[in-house]
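# Report on the structure
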Amino acid sequence: MGFFSKGNHFPVDSRTVVVTGGSQGMGRGLAKVLAKKGANVVIVARDVRKLQAAVEYISAAAASPQTQRFHYISADLTNPSESVRMLEEVTAWNNGQLPDVVWANAGTARPGLFVDIPIETLRAQMDANYWTATYLAHATLNCWLKPASAFPAAERPTTALPRHFIITSSSLAFCGIAGYSAYSPAKAALRSLSDSLRSELNLYAGARRAKSGSAATAPPADIKIHSVFPGTILSPGHAAEEQTKHPVTRVLEEGDPAQTEDEVATVAVRELEKGRYLISTQFLGSAMRASALQGSPRNNWFVDTVFSWGTSIAWLFIGPDMEGKVYKWGKENGMPNAQ
Ligand SMILES: NC(=O)C1=CN([C@@H]2O[C@H](COP(=O)(O)OP(=O)(O)OC[C@H]3O[C@@H](n4cnc5c(N)ncnc54)[C@H](OP(=O)(O)O)[C@@H]3O)[C@@H](O)[C@H]2O)C=CC1
Ligand SMILES: CCCCCCCCCCCCCCCC(=O)[C@@H](N)CO
């Protein structure tokens, strides 16, 4: 479990990392931090011009510019076959080796009042946030776990470093607020996906160490799942979501401290290095995480347990206060859209 284990649980030096949504915002911040730590990075998004500009920006941060490699792939990850194609291309570019780390970071929020959001947008938000990550998890884990896949068989070093599949969710996975009804459910579902995959991957970790001969077909490395739950990030995506955000949503999130792409990326990677599983990136996010731990592994059993008692009391006050803010908005401004 690594309860007391020290050391870096997320070494990326000389390893190959895929970051989706790496052309801007948090994904670009992540790619830059990983480049500084010596990783080869492939960023994935749709817009080629933004990808080209981002590769230039990210490669300028490389620790060893002579040896580190950077690449971009344009793909619309709402299409499941694009995740498969993208991983094939990454593997070919990476001298036939599968990537060591895949970070499902692409996502988009379309805030607004539920009744005003067209059904197509409700579905598109699941596509953009839940399905992009789930398709990528399916494609990646198939490559990593199935020796009979279309990918070249990896070597089986006895001391292989674990591979990591990381999901960017949102602190809104822990708390539903007015104006994010199209987005939060997708991010909450990703937390459930993380917990489910984390449980399931124990099967393969066990199989790798099986006494029977089946260990020969077991994957070359253990696989770790993690999810990151940022609060507000000052990104191009955030600027766009401000356009459709109802003012009451701004009231509810006004206490949430905004982070830059570099800040959120630095904290996320630092927490991965500590071996964290559910990762919040600032204090309010940590409080929201502690209040919604369910059966998920704790970062620190003592701190998280006491923190969860505290948040359980805090919610008795914060919950009614937040309900009251929305009610007051309605009382003061009347029917939405009727002004
Ligand atoms: N901004 C915020 O306040 C918060 C954001 N988050 C989450 O963090 C992640 C990053 O957000 P943020 O930093 O705002 O990033 P942005 O919204 O600014 O950028 C999104 C990135 O994802 C790419 N992308 C979007 N859709 C697709 C698609 N269908 N296929 C491939 N790539 C796609 C975009 O490129 P292109 O459009 O060219 O495809 C871009 O690179 C998202 O998952 C978001 O939900 C979580 C908490 C808060
Ligand atoms: C004890 C716990 C108290 C909890 C109080 C909760 C207060 C609500 C804060 C909402 C923060 C929303 C950040 C959203 C980021 C995001 O994902 C979007 N911007 C999409 O990009």
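A brief look at the structure comes next. This is a predicted model, so every value here is computed, not measured.

This next bit is on the pairing of strand β4 (residues 101-104). Burial of β4 is two-sided: the residues Val101 and Trp103 facing one way and the residues Val102 and Ala104 facing the other way are all buried. Here strand β1 (residues 16-20) runs beside β4; their pairing, made up of 3 bridges, is parallel. What sits directly across from valine 18, in β4, is valine 102. Sheet topology places β4 next to strand β5 (residues 163-168); 4 bridges connect them, and they run parallel. Its bridge partner lying in β5, alanine 104 is registered against isoleucine 167.

Okay, the sheet that holds β4 next. Sheet architecture is open: 7 strands sit in the order β3-β2-β1-β4-β5-β6-β7, paired in parallel fashion. A single partner strand is all that each edge strand has here, and the edge strands are β3 (70-74) and β7 (278-280). Within the sheet, the average angular offset between the axes of one strand and its neighbour, ignoring direction, is 20°.

Burial analysis of β1 places 5 of its 5 residues in the buried class, the great majority of the element. Taking every second residue as pointing to the same face, both faces of β1 are buried, with Thr16, Val18 and Thr20 on one and Val17 and Val19 on the other. Both β1 and strand β2 (residues 40-45) contribute to a ladder of 5 bridges, which runs parallel. Pairing of valine 19 across the sheet is with isoleucine 43, part of β2. For the crossover that starts at β1, traverses helix α1 (residues 25-36) and ends in the parallel β2, the hand is right-handed.

Turning to helix α4 (residues 119-145), a few remarks are in order. With 27 residues, α4 should cover 39 Å at 1.5 Å per step; its first-to-last C-alpha distance of 37 Å lies within 8% of that length. At tryptophan 131, α4 shows its largest kink, close to 40°.

Taken together, the neighbourhood of ligand 1 is formed by 33 residues, with Gly21, Gly25, Arg46, Gly107 and Gly237 sitting nearest. Of all the elements in the fold, those that place two or more residues in the shell around ligand 1 are α1, α4 and α6 (236-242). Of the residues belonging to the shell around ligand 1, the class tally is 10 nonpolar, 18 polar and 5 charged.

Interaxial distance between helix α3 (residues 80-93) and α4 falls to 8 Å at its minimum, and their mutual angle equals 40°. By the criterion of interaxial angle, the relationship of α3 to α4 is oblique. Of the two elements, α3 crosses α4, and the hand of that crossing is right-handed. Contact residues: α3 offers Pro80, Ser83, Val84 and Leu87, while α4 offers Tyr135, Leu136, Ala139, Thr140 and Cys143. Looking at the contact of α3 with α4 residue by residue, the classes come out as 7 nonpolar, 2 polar and no charged.

With that settled, the discussion passes to the environment of proline 162. With respect to the helices, strands and loops of the structure, proline 162 is situated in the loop between α4 and β5. When the C-alpha positions of proline 162 and valine 228 are compared, they lie 18 Å apart, and in sequence the two are 66 residues distant. Proline 162 has contacts with Ala221, Asp222, Ile223 and Lys224, leaving out every residue within four places of it along the chain.

Each value, and the rule that gives it
- Residues numbered from 1 in each chain as written.
- Chains lettered and ligands numbered in written order.
- Predicted model: local features only at pLDDT ≥ 70, side-chain atom pairs only at ≥ 80, totals over all residues.
- Buried ≥ 20, exposed ≤ 12 C-beta atoms within 10 Å, placed from the backbone.
- Helix = DSSP H or I, 4+ residues; strand = E, 2+ residues; numbered from the N terminus.
- Pairing = 2+ DSSP bridges.
- Axes fitted to C-alpha atoms, helices over the stretch in contact; angles between N-to-C directions.
- Right-handed = clockwise from strand over helix to strand, strands pointing away.
- Expected span 1.5 Å × (residues − 1).
- Bend = angle between axes of the 7 residues up to and from the residue.
- Near = placed C-beta within 6 Å.
- Nonpolar A, V, L, I, M, F, W, Y, C, P; charged D, E, K, R; others polar.
- Parallel < 35°, antiparallel > 145°, perpendicular 65-115°, else oblique.
- Left-handed = near helix turned anticlockwise from the far one by under 90°.
- Contact = placed C-beta atoms within 7 Å.

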